[in-house]
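Fold and geometry: a report
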Amino acid sequence: MYSSVVTFSVIGIVSTQAYGLLIINRTKKIDMVIIKDVLKKIFNRLKVTTTILIIFFLLLTSLTGHTQVGQDANTNTSTFFSNLPPQPGEDTWHFIEDLKAPMWTKHSWKGTHPGKEFANFSNGVRVKKGFKDSGKYLSTAYDDLHQFFKAGNVLSEKGAYTIETKQVTGLDEEEFKVEIDQNRCRILSSSIEGIRRGIFYIEDQMLTLNGPFLPVGTFEQKPIIKRRISRCAFAPIKLPPKMEDELMDDVDYYPDNYLNRLAHEGVNGMWIRVVFQELTTTTITPDAGQDAEKRLAKLQRVVDKCLRYGIRTYLFCIEPKALQPDDPILKQYPELAGASRHGLVSFCPSSETGKQYLYESVNNIFKSVPDLGGIINITHGERATTCLSTVAATENIDSEHPINCPRCSKIEPWQILHQALSAMEKGMHEASPKAELISWLYMPQPQQFYPGDPYNLGNWVYTIPGNTPKGVILQFNFTSGVTRTDFGKLLVGGDYWLAATGPSPRFERVADSARKVGTQISAKIQTSNAHDLSTVPFVPVPSILYKRFSEMRRLGVSHTMLSWYSGNYPGLMNKAAGMLSFEPFSISEDNFLNKLASIYWRQEDISKVIKAWKFFSEGYENYPLTNLFQYYGPMHDGTVWPLLLKPMDMPLSPTWLLRYGSGAPLPPSGDRVGESFAGVLTLDEVVELCRRMSTMWDKGMEIFNEIEPHYKDQPERILDIGVAKALRIQFNSAYNILHFYALREKMIRMEGTERLNVLKELVEIIQKELDNDQHLIELCKTDSRLGFHSETEGYKYFPEKIRWRMQQLKSVLANDVPEVEKMILDDKLLFPEFTGKKPTGAVANAVHSDRIEDVINSISGLQWQKFHYGSDKIKSQWTSVYNADSLYIIVSDIGDDKSVNNISEITLRIEPRRLWPSRQFTFDKRKESTQKKVRVIDQDGKIYSIAAIPFKSFWWDEEKPHPVRIDVRVKKGSAESAWRPSNPLISRLILGTGNPADLGWLLFSK
């Protein structure tokens, strides 16, 4: 999912020599001290000021590549890269100690006997362990029951009331029956895990009744979602920059009480990331598995410990791994080389050698650790594996997107995966018959959606469910491709969502196909939180989970992967998912919410809590449905975003990272807020959606604030209320940030003293944010979970960084506000070089014409621009024309040079409006799909290539022509020339490497 870093630009004054050194440092890790020394000499030769040198070094250290806008950019830049507090050490992760603490310490039971329909054992119980358990897997459940009674001051050894476990036949795994009368409670099951579920069931009943009571009668539960697989909330993720492997250290990431919490919440599987070649050798790879013995030994310890709590351990992998072209294994076994794409050679499973490798890898691992729960393998997506990986999920396999493998090109697409999975399934089940192989088709597209874009998957995808090998479970993203309509616009979300209930149409189609042939289907979901917002332990929106599990039940889902690296923290949402995984399924949402609330809250407050949860869910469903908002928006850590009154044109940082691949810290997000939602929605529309979220959350918080005094003696409920308070601040802060920039952009384009009213609103927002930050600091002191993001392996916000942001806000109030106010009072334009009212740098003009032919015939009226940059300066020039519908880019030869006739490609990069990412339009004259969009005209012996870009492809309907920033590039064979230079930023997912500072201005002349 995440790209590696390529290159970055500096503030426009560094020579080619220095730039080359930066690239070397990224690829070969040359000593930074040497680079800085060389750069200092370069700067000295250029006589650059000390201030600029410091700024550059700060940029170099952080590897941000930001280019500033505005006359005072240098002063403002130093604010961003100086005095940033360091990331807190792992010794501050106090929530781990909380997870290690016992679940039950003291029940605040104040209930009276509910009546004769309930058994009363306040005078003590006796637990009779009648279920045969030679492996003593139930010892943890019995111990938990003992601690549960002790916390309620109920004797659990020699009481008169008997709680008995007993083995019966005919019940499925985890299915149980509880028979309760006035003298005895019998927990009956055919399996150990059924008894465990029964014990937890009666505990929940006592919590609901607020005392040592149980309802008289017979009660049964049976799982409909048989596997609920999560992940450790604080274990290393085995990804850059840390690349720490939990199987290579001696840390126990599965403390007993943490596992006990997960088990109570219904989790019965945990996944750990692995690579086959690190765990085992094969006859094909005899040199692999150098540390296999150590890894397997720890893996066995994890498996054994988790099983004591009814939790199976699954290996998560992306296998078979594609190969580098020079991998020695390909020289010895060339038949393993499959189709190539993006510089990688796919692993071909069609050969006997390929099948043998997969069989042996899996077989060896499961022989070494036979009690493993199974494998979750991304078979397509995320990273290249088999030959099928050379085709994107959204592509159809055709002449433009072939599978260039001498073997796999001759078979059906589903057969490629079938061969790989069959070998793995055979290897697994011969070693461990009960283990499960889950084949995950990770197809998160569209990760960015524009109006009119196709967002369907290739037809070949839907042939896979009906052709999945027997004994293999098919997993698919539940919400990828989900749709919603806001403001009359179709929104399409990719990846994983909590805010969107689902299922997506594609999941429904896959599930239907799988069900028809008896293939079990697993839903990849997010439970506690998601890419939407991952900096709190959970988002309390159980109504969304109720609707989601209702749909999963309807579609016959049997398994679920509850989380990615985030979304797995114990608590309310985990518990809700566990409850919703069993029959009988609640007949209504209110019925379910009542059962859930009864476990945690006092009877007199339950209706209020349910009302608050509904407000929360209703508000959360307004989350802007675009992946960019998940990946770059302010919901996660807007509370530490600076607010820039002066335009800086600074990019946003990814929400799921704290550091670049090099380990250098990410800079704070800047003011290019359009990078978090560009595509379908306008800034005003995103502001409105965030306002709705914040407003609805405020309504729920009014209820929680009202009942909070009732729970002074229940610290866990106070923490739950604290999480809701933190979310209120985060939602409100996100709204404030986007509203701030909407107002700022409006103000700097206005004239006159009315701008003072807008400035006043901006000041009020800054003051609100100072207040929000102060409250959040207090919450963070109480709850170390706040700000922690499991996938970042650290904190996105924490008290010291919040204070840093508060200083930035105060600086704006003290310095920037008076300066802008004076500019307004002096009747000056605000930042005209930013808005294009007084553009600086390269400027081009587009001439208006209703008929482009008229312009060609009147060539003297056009303003031609030369291509000054590129690997080979093509002797041509460009200009532009526009009419009511389209912008036209015209490329012409110069003098007698007719090379323009041989130009193969024209690319326009255009920033539709300030703070938005650029759109790129490429016209490849060699492709039939774009040939019709490029006209070639011979006019008086000169050749003109004309490319048309409809305004509706990058401007809103109501927008009128206004200055935009662009670059034009052309290719002729391997030669490429450009109007503007190329100083790319560090690559960011979806957003790429585009640097707004590289663009020039295009003005629209009348």
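Conventions and cut-offs
Residues numbered from 1 in each chain as written. Predicted model: local features only at pLDDT ≥ 70, side-chain atom pairs only at ≥ 80, totals over all residues. Heavy atoms only, no water. Helix = DSSP H or I, 4+ residues; strand = E, 2+ residues; numbered from the N terminus. Buried < 20%, exposed > 50% of the residue type's maximum accessible area, 1.4 Å probe, protein only. Contact = heavy atoms within 4.5 Å. Areas by Shrake-Rupley, 256 points an atom, 1.4 Å probe, with all protein chains shown as cover. Pairing = 2+ DSSP bridges. 1 Å grid on protein atoms, 1.4 Å probe; cavity = no way out; pocket = protein on both sides within 12 Å on 5 of 7 lines; lining within 4 Å. Points joined across faces, edges and corners; volume = space filled by probe spheres on them. Nonpolar A, V, L, I, M, F, W, Y, C, P; charged D, E, K, R; others polar. Polar contact = N/O pair within 3.5 Å; in protein donor to acceptor, adjacent residues only side chain to side chain. Axes fitted to C-alpha atoms, helices over the stretch in contact; angles between N-to-C directions. Parallel < 35°, antiparallel > 145°, perpendicular 65-115°, else oblique. Left-handed = near helix turned anticlockwise from the far one by under 90°. Core = buried A, V, L, I, M, F, W, Y, C linked by side-chain atoms within 4.5 Å. Phe/Tyr/Trp six-rings, centres within 6.5 Å; stacked < 30°, edge-to-face > 60°. Lys NZ or Arg CZ within 6 Å of the ring centre and 35° of its normal. Salt bridge = Lys/Arg side-chain N within 4 Å of Asp/Glu carboxyl O. pLDDT = per-residue confidence, 0-100.

**A few points about the overall build of the chain**
- Looking only at helices and strands, the chain has 26 helices and 34 strands in total.
- Counting all 1006 residues of the chain, 61% fall into the buried class.
- For the chain, contacts bridging at least 24 residues in sequence account for 75% of all contacts bridging at least 6.
- Of the roughly 39200 Å² of accessible surface on the chain, a fraction of 49% belongs to carbon and sulfur atoms.

**Side note on the pairing of strand 16 (residues 482–486)**
- Side-chain alternation along strand 16 places Val482, Arg484 and Asp486 on a buried face and Thr483 and Thr485 on a face that remains uncovered.
- The pairing of strand 16 with strand 17 (residues 489–493) spans five bridges and is classified as antiparallel. Considered in strand 17, the bridge of threonine 485 is made with leucine 490.
- Hairpin connection, strand 16 to strand 17: the antiparallel pair is bridged by two residues, and phenylalanine 487 has positive phi, about 55°.

**Considerations on the side chain of serine 598**
- Take serine 598: it is sitting in helix 17 (residues 589–600).
- Apart from the residues within four sequence positions on either side, serine 598 is in contact with Leu207, Thr208 and Ile606.

**Topic: empty space enclosed by the protein**
- Under the criterion given, the structure shown has four cavities of 30 Å³ or more.
- Along its surface, the largest cavity is lined by 13 residues, and Val536, Pro537, Tyr569, Phe788 and Ser790 are the ones closest to its centre.
- Split into classes, the residues belonging to the lining of the largest cavity amount to six nonpolar, six polar and one charged.
- Within this model, the second largest cavity holds a volume of roughly 80 Å³.
- Around the second largest cavity sit 14 residues that line it, and Phe449, Val492, Leu625, Thr626 and Val680 are the ones nearest its centre.
- Counted by class, the lining of the second largest cavity contains nine nonpolar, five polar and no charged residues.

**Details of the side chain of serine 480**
- Mapped onto the elements of the fold, serine 480 is located in the loop between strand 15 (472–477) and strand 16.
- Judged by relative accessible area, which is 0%, serine 480 ranks as buried.
- Side-chain polar atoms of serine 480 contact the side chain of asparagine 477, separated by 3.0 Å.
- Not counting the four nearest positions on each side in its chain, serine 480 is found in contact with Met443, Pro444, Gly493, Gly494, Asp495, Ser504 and Arg506.

**A few points about the packing of helix 20 (residues 683–707) against helix 21 (residues 715–748)**
- Interhelical geometry of helix 20 versus helix 21 gives an angle of 155° and a closest axis separation of 9 Å. Between helix 20 and helix 21, the angle is such that the two are roughly antiparallel. Crossing hand, helix 20 versus helix 21: left-handed.
- Looking at side-chain class alone, the contact of helix 20 with helix 21 contains 16 nonpolar, four polar and five charged residues.

**Remarks on the layout of surface pockets**
- Estimates place the volume of the largest pocket at around 1700 Å³.
- Lining of the largest pocket is provided by 48 residues; of these, Arg341, His342, Ala392, Thr394 and Glu395 occupy positions nearest its centre.
- Sorting the residues of the lining of the largest pocket by element identifies strand 11 (337–341), strand 12 (344–347), strand 29 (919–924), helix 26 (928–931) and strand 31 (942–950) as the ones contributing at least two each.
- The element that contributes the greatest number of residues to the lining of the largest pocket is strand 29, accounting for four residues.
- Classifying every residue of the lining of the largest pocket gives 20 nonpolar, 19 polar and nine charged.

**Re the nonpolar core**
- Counting 245 residues, the largest nonpolar core has Ile202, Trp601, Trp613, Tyr620 and Phe704 as the members making the most contacts within it.
- Ranked by the residues each element gives to this core, the list is headed by helix 21, at 17 residues.
- Core analysis: the second largest hydrophobic core is formed by 30 residues, Ala842, Ala846, Trp878 and Val970 among them.

**Focus: the packing of helix 18 (residues 606–620) against helix 20**
- Two elements in contact, helix 18 and helix 20, have axes separated by 7 Å at closest approach and are oriented at 165°. Of the possible angle classes, the one that applies to helix 18 and helix 20 is roughly antiparallel. Read as a crossing pair, helix 18 and helix 20 show a hand that is left-handed. The segment helix 18 lies against helix 20, with Lys608, Val609, Lys611, Ala612, Trp613, Phe615, Phe616, Glu618, Gly619 and Tyr620 engaging Arg692, Met693, Met696, Trp697, Lys699, Gly700, Met701, Ile703, Phe704, Glu706 and Ile707.
- Residues belonging to the contact of helix 18 with helix 20 are distributed by class as follows: 13 nonpolar, two polar and six charged.

**Examining the sheet that holds strand 3 (residues 161–167)**
- The six strands are arranged 2-3-5-4-7-20 in an open sheet whose pairing can be described as mixed. Two strands in the sheet have a free side with no partner beyond their single neighbour: strand 2 (125–129) and strand 20 (582–583).
- Pairing between strand 4 (residues 176–180) and strand 7 (residues 217–223): five bridges, direction antiparallel. Residue pairing across strands places valine 178 opposite phenylalanine 219, the latter belonging to strand 7.
- Those strands touched by helix 6 (residues 139–151) are strand 2 and strand 3, and its axis lies near 180° from that of strand 2.
- Strands strand 3, strand 4, strand 5 (184–189), strand 7 and strand 20 of the sheet are contacted by helix 7 (residues 192–209), whose axis makes an angle of about 145° with strand 5.

**Re the packing of aromatic side chains**
- Evaluated as defined, the whole model comprises 54 aromatic pairs.
- Each ring, one from tryptophan 271 and one from tryptophan 564, has its centre 5.5 Å from the other, and the planes form 25°; the classification is stacked. Of this pair, tryptophan 271 sits in strand 9 (residues 269–273) while tryptophan 564 sits in the loop between strand 19 (559–561) and helix 16 (572–580), placing them 293 residues apart in sequence. Just as tryptophan 271 is buried, tryptophan 564 falls in that class too.
- Sitting over the ring of tryptophan 271, arginine 231 keeps its end group 5.2 Å from the ring centre.
- Of note, arginine 913 hangs over the ring of tryptophan 916, and the distance from its end group to the ring centre comes to 5.2 Å.

**Thoughts on the pattern of salt bridges**
- Applying the stated criterion across every chain yields a total of 59 salt bridges.
- Its salt-bridge partner being arginine 308, residue aspartate 256 comes within 3.2 Å of it at the nearest N-O pair. Taken together, the positions of aspartate 256 in helix 8 (residues 256–264) and arginine 308 in the loop between helix 10 (292–307) and strand 10 (312–317) put the pair 52 residues apart, joining distant regions of the chain.
- On the basis of relative accessibility, which here comes to 31%, the residue aspartate 256 falls in the partly exposed class.
- Residue lysine 355 is joined to glutamate 352 by a salt bridge in which the shortest nitrogen-to-oxygen separation is 3.6 Å. Here glutamate 352 and lysine 355 lie together in helix 12 (residues 352–368), a separation of three residues that amounts to about one turn.
- Residue lysine 355 is classed as partly exposed on the basis of its relative accessible area of 23%.
- On the basis of relative accessibility, which here comes to 59%, the residue glutamate 352 falls in the exposed class.
- A single salt-bridge network, built from bridges that share partners, covers Asp649, Arg672, Glu675, Glu911, Arg914 and Arg988.

**Some points on the sheet that holds strand 19**
- What the eight strands build is a closed barrel, ordered 8-9-10-13-14-15-18-19; its pairing is parallel. Pairs of neighbouring strands in the sheet enclose a mean axial angle of 25°, with direction left out of account.
- Bridging between strand 8 (residues 227–230) and strand 9 involves two bridges; their strand directions are parallel. Paired with serine 230 across the strands is methionine 270, a residue of strand 9.

**Section: the confidence of the model for the chain**
- When pLDDT is averaged along the chain, the result is 90, and 90% of the positions lie at 70 or above.
- For residues 1–78, every residue scores under 50 in pLDDT, and the model assigns this stretch 137 contacts once sequence neighbours within four places are set aside.

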